[in-house]
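So the chains spell out like this:
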Amino acid sequence: MIGLISATAAGAAARDRLAVAWPDRTRVYDGPVGEAVRAAFAECEQLVCFLATGAVVRLVAPLLGDKRSDPGVVCVDEGGRFAVSLVGGHAGGANELASEVASLLDARPVVTTATDSVGLPGLDTLGLPVEGDVAGVSRALLDGEPVALDAEVAWPLPPLRVAAEGPYTIRVTDRTVEPAEREVVLRPPTLVVGVGASKGAPAAEVLELIESTLRDAGLCAKSLAELATVDAKADEPGIIEAAERLGVPVVTYSAEELAKVDVPNPSAAPLAAVGTPSVAEAAALVRGGELLVPKRKSAASPAMATCAVVRRPARGRLAVVGLGPGARDLLTPRAKTELRRASVLVGLDQYVDQIRDLLPPGTRILESGLGAEEERARTAVAEARKGLAVALIGSGDAGVYAMASPALAEASDDIDVIGVPGVTAALAAGAILGAPLGHDHVSISLSDLHTPWEVIERRVRAAAEADLVVTFYNPRSRGRDWQLPKALAILSGHRAPTTPVGVVRNASRRDESSRLTTLASLDPATVDMMTVVTVGNTATREIAGRMVTPRGYRWQDDRQEDAQ
């Protein structure tokens, strides 16, 4: 919950905007400001104070305890110009909250945390348990001192600006190790414990078995990702309670799935009880990985629980990111987040240039020229399969005539794929022209490099017969100068010569240009590959210099009646 505190009418107005926008996330604290701050500090995970920073500093200073547990505090000035991350930037989430508040209030976020200020991820913000000299290693990263990455297990991390060796170390491991001097230990959730249990097995017995097994194997419980078992044990109280105390979910599989898993220690007992010769080992291994600890029984007599431990291979992360039509303010916040999260960026060189300044230090950039789309897709997937965090970029929306389809055709289920939508060229052009896409519409690429012209022509003809507004991508290039005239001729067979046509070149970019013409007047020679051509349907009209396709046809009837 986010506590909201204000002292003036202007502050209350801004406060109420947040309260309306986030009704389930916020709570307004009225009354004397000092009492309100103390109450919110004790009851909320975060605070937004619409007060002077000096006042907030004096009010929260006596309340501060530990940065790992204190709530994040954001201060917004009286004029609503700045949202300042004051306390708990990382652990309390104040840095992110400041950005959210600023976006909502049209203010500027102010973040002074050192790593955030220079674009480096904080070691305590990676979502992994962290131990050791966080301050010292972070300072070394900021100062540009050599920091070695010792990754005993692969995990998709953001760019950390690390070296092959150095006096400081970031160690990524799931083993029970004490951080050395000048070392930070990150513990990724790589371990899966498969659990079998007799009906009524005590939670204490299940928990003791799991903890002792991990301890004896030198494995850290902080790297435990989940408990896995057969679905017949989904409601077993001992397993559920053990998982709750360990802070991990219980994942279940059918006996049929588990019976197909090859295990070293099958048994007749679970086969008779639940229909699979293995529960603990099979449940741990069903999604692949390295068996670190074979089936082990609890110490009780008779033993009522078994477990096995598997280290799952790290799943790489591939974000397919749409950059929009080119303007920076049409690049979505989600896209920016993914660009900063990726340690490897793959993209067309001219698109990389658009967002190069947003990339954190240490990002590895793999760029190539036009015509290498499939190669870029293969490269991005291959890098993700190494367990890395990868961003594959494309213009507009990456799923529209861009990189998502070749990448997903190449990827299998051994990596995580995240799609990040972007503003398409058709949408950007439509906004410039007016409202040409107000009713049913279709986008068609006229490039026959990957699609036979016979197929393209059939689609244009179908759109013409269906009276759909048509947006043409890739309408004309030096080597393809006849396709657009042919497509326009097909449409002309079904639409009047006066049908509005919008032509937009470099939508949203510095040299943007646009014009409104008609189907009969459009000169294809004035169109190139940087242009989007939108042809209206039979209802599309030019109104006050804008291209408009109405949602319905009632206005036409009204105009006809007026004319009569």
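Residues numbered from 1 in each chain as written. Predicted model: local features only at pLDDT ≥ 70, side-chain atom pairs only at ≥ 80, totals over all residues. Heavy atoms only, no water.

**Student:** Summarise the overall build of the protein chain; cite the residues concerned and give the values.
**Tutor:** Along its length, the protein chain carries 19 helices and 28 strands. By its C-alpha atoms, the protein chain is 95 × 65 × 55 Å across when sized along the principal axes. Within the protein chain, the proportion of its 564 residues that are buried is 48%. (Helix = DSSP H or I, 4+ residues; strand = E, 2+ residues; numbered from the N terminus. Buried < 20%, exposed > 50% of the residue type's maximum accessible area, 1.4 Å probe, protein only.)

**Student:** Describe helix α1 (residues 9–21), with residues and values.
**Tutor:** Taking 1.5 Å per residue, 13 residues should reach 18 Å; α1 reaches 18 Å between its end C-alpha atoms and fits that length. Taken as a whole, α1 has its buried residues at Gly-11, Ala-12, Ala-14, Arg-15, Leu-18 and Ala-19. Summarising the axial view, the buried residues of α1 lie within an arc of 165°, below the 170-degree limit, and thus occupy one face. Opposite the buried face of α1, by more than 90 degrees, sit the exposed residues Ala-9 and Val-20. (Expected span 1.5 Å × (residues − 1). Arc of directions from axis to C-beta.)

**Student:** Give me the pattern of salt bridges: which residues, what numbers.
**Tutor:** Within this structure, the stated rule accounts for 28 salt bridges. With its nearest N and O atoms 3.2 Å apart, the salt bridge here joins Arg-312 to Glu-226. Residue Arg-312 is found in the loop between β15 (305–311) and β16 (317–322), and its partner Glu-226 is found in strand β12 (residues 224–230); the two are separated by 86 residues along the sequence. Glu-226 sits in the buried class, given a relative accessible area of 9%. Here the residues in one salt-bridge network are Arg-15, Asp-16 and Asp-30, joined through shared partners. (Salt bridge = Lys/Arg side-chain N within 4 Å of Asp/Glu carboxyl O.)

**Student:** Please give an account of the packing of α1 against helix α4 (residues 94–105) that cites residues and values.
**Tutor:** Viewed as axis vectors pointing N to C, α1 and α4 meet at an angle of 105°, and their least axial separation amounts to 10 Å. The orientation of α1 relative to α4 falls into the category roughly perpendicular. Residues Ala-14, Arg-17, Leu-18 and Ala-21 of α1 touch α4, and the partners they reach there are Val-101, Leu-104 and Leu-105. Across the contact of α1 with α4, the residue classes tally to six nonpolar, no polar and one charged. (Axes fitted to C-alpha atoms, helices over the stretch in contact; angles between N-to-C directions. Parallel < 35°, antiparallel > 145°, perpendicular 65-115°, else oblique. Contact = heavy atoms within 4.5 Å. Nonpolar A, V, L, I, M, F, W, Y, C, P; charged D, E, K, R; others polar.)

**Student:** I'd like a rundown of empty space enclosed by the protein, residues and numbers included.
**Tutor:** One pass over the structure, following the stated rule, counts two cavities of 30 Å³ or more. Leu-323, Gly-326, Ala-327, Arg-328, Leu-331, Gln-354 and Ile-355 together form the lining of the largest cavity. Split into classes, the residues belonging to the lining of the largest cavity amount to four nonpolar, two polar and one charged. Volume-wise, the second largest cavity comes out at about 30 Å³. Every residue along the wall of the second largest cavity is listed here: Arg-317, Ala-319, Glu-338, Arg-341, Ala-342, Ala-389 and Val-390. Within the residue set of the lining of the second largest cavity, elements represented by two or more residues are β16, α12 (333–341) and β19 (389–394). Of the residues assigned to the lining of the second largest cavity, the class counts are four nonpolar, no polar and three charged. (1 Å grid on protein atoms, 1.4 Å probe; cavity = no way out; pocket = protein on both sides within 12 Å on 5 of 7 lines; lining within 4 Å. Points joined across faces, edges and corners; volume = space filled by probe spheres on them.)

**Student:** Break down the nonpolar core for me, with residues and values.
**Tutor:** Counting 22 residues, the largest nonpolar core has Val-193, Ile-210 and Leu-227 as its most contacted members. Mapped by element, the contributors of at least two residues to this core are β11 (191–197), α7 (203–216), β12, α8 (237–246) and β15. Ranked by residues supplied to this core, first place goes to α7 with five residues. Apart from residues no more than four positions distant in its own chain, Val-193 is found in contact with Ile-210, Leu-214, Leu-224, Glu-226, Leu-227, Ala-228, Cys-307, Ala-308 and Val-309. One finds Trp-453, Val-470, Leu-484 and Leu-488 within the second-largest nonpolar core, a separate group that totals 21 residues. (Core = buried A, V, L, I, M, F, W, Y, C linked by side-chain atoms within 4.5 Å.)

**Student:** Could you give an account of helix α6 (residues 134–143), naming the residues involved and the relevant values?
**Tutor:** Owing to its 3.6 residues per turn, the α-helix aligns residues three or four sequence positions apart on the same side. Inspection of α6 places Val-134, Gly-136, Val-137, Ser-138, Ala-140 and Leu-141 among the buried residues, and these make up the whole buried set. Packed against the buried residues of α6 are β7 (130–132), β8 (147–151), β9 (168–172) and β10 (183–186). Immediately downstream of α6, the backbone of Gly-144 shows phi near 75°, a positive value.

**Student:** For the sheet that holds strand β1 (residues 2–6), give the residues involved together with the corresponding values.
**Tutor:** With respect to topology, six strands assemble into an open sheet ordered β2-β1-β3-β4-β5-β6, the strand pairing being mixed. Where the open sheet ends on each side, the last strands, each with one partner, are β2 (26–28) and β6 (108–110). Each strand of the sheet is rotated relative to its neighbour by a mean of 25°, with strand direction disregarded. Of the pairings in the sheet, the one linking strand β5 (residues 82–87) to β6 comprises three bridges and is parallel in character. Bridged to Phe-82 within β6 is Arg-108. (Pairing = 2+ DSSP bridges.)

**Student:** Describe the sheet that holds β7, listing the residues and the values that go with them.
**Tutor:** Read across the open sheet, the four strands follow the order β7-β10-β9-β8; overall the sheet is mixed. Of all strands in the sheet, those bounded by a partner on one side alone are β7 and β8. Sheet twist, expressed as the mean angle between neighbouring strand axes with direction ignored, is 20°. The sheet contact formed by β8 and β9 spans five bridges and is parallel. Residue Ala-148 lies in a different strand from β9, and its bridge partner there is Thr-169. Strand contacts of α6: β7, β8, β9 and β10, with the helix running at about 115° to β9, the strand carrying the most contacts.

**Student:** Please give an account of the side chain of Gln-483 that cites residues and values.
**Tutor:** Tracing the backbone through its elements, the reader meets Gln-483 in helix α18 (residues 483–492). Here Gln-483 falls in the buried class, since its relative accessible area comes to 1%. At a separation of 3.1 Å, a polar atom in the side chain of Gln-483 contacts the side chain of Asp-448. Residues in contact with Gln-483, not counting those within four places in the same chain, are Leu-446, Asp-448 and Trp-453. (Polar contact = N/O pair within 3.5 Å; in protein donor to acceptor, adjacent residues only side chain to side chain.)

**Student:** With reference to specific residues and values, describe the environment of Arg-505.
**Tutor:** As for its placement among the helices and strands, Arg-505 is situated in strand β24 (residues 500–505). For the pair formed by Arg-505 and Thr-531, sequence separation is 26 residues and the distance between their alpha carbons is 4.1 Å. With sequence-adjacent residues up to four places away left out, Arg-505 is seen in contact with Asp-511, Glu-512, Ser-513, Asp-528, Met-530 and Thr-531. In terms of polar contacts, Arg-505 uses its side chain to reach the side chain of Asp-528, at 2.8 Å.

**Student:** Please set out the pairing of β9 residue by residue, giving values where relevant.
**Tutor:** For β9, the tally of buried residues reaches five of five residues, placing the bulk of the element in the interior. Because side chains alternate across β9, one face comprises the buried residues Tyr-168, Ile-170 and Val-172, and the other comprises Thr-169 and Arg-171, equally buried.

**Student:** Break down unusual backbone geometry for me, citing the residues and quoting the values.
**Tutor:** Of note, the amide linkage connecting Ser-301 to Pro-302 takes the cis form, showing an omega dihedral of 0°. Looking at where Pro-302 falls in the secondary structure, it is placed in the loop between β14 (290–297) and β15. At Ser-508, a residue that is not glycine, the phi angle is positive and equals roughly 75°. Structurally, the position occupied by Ser-508 is in the loop between β24 and β25 (513–518).

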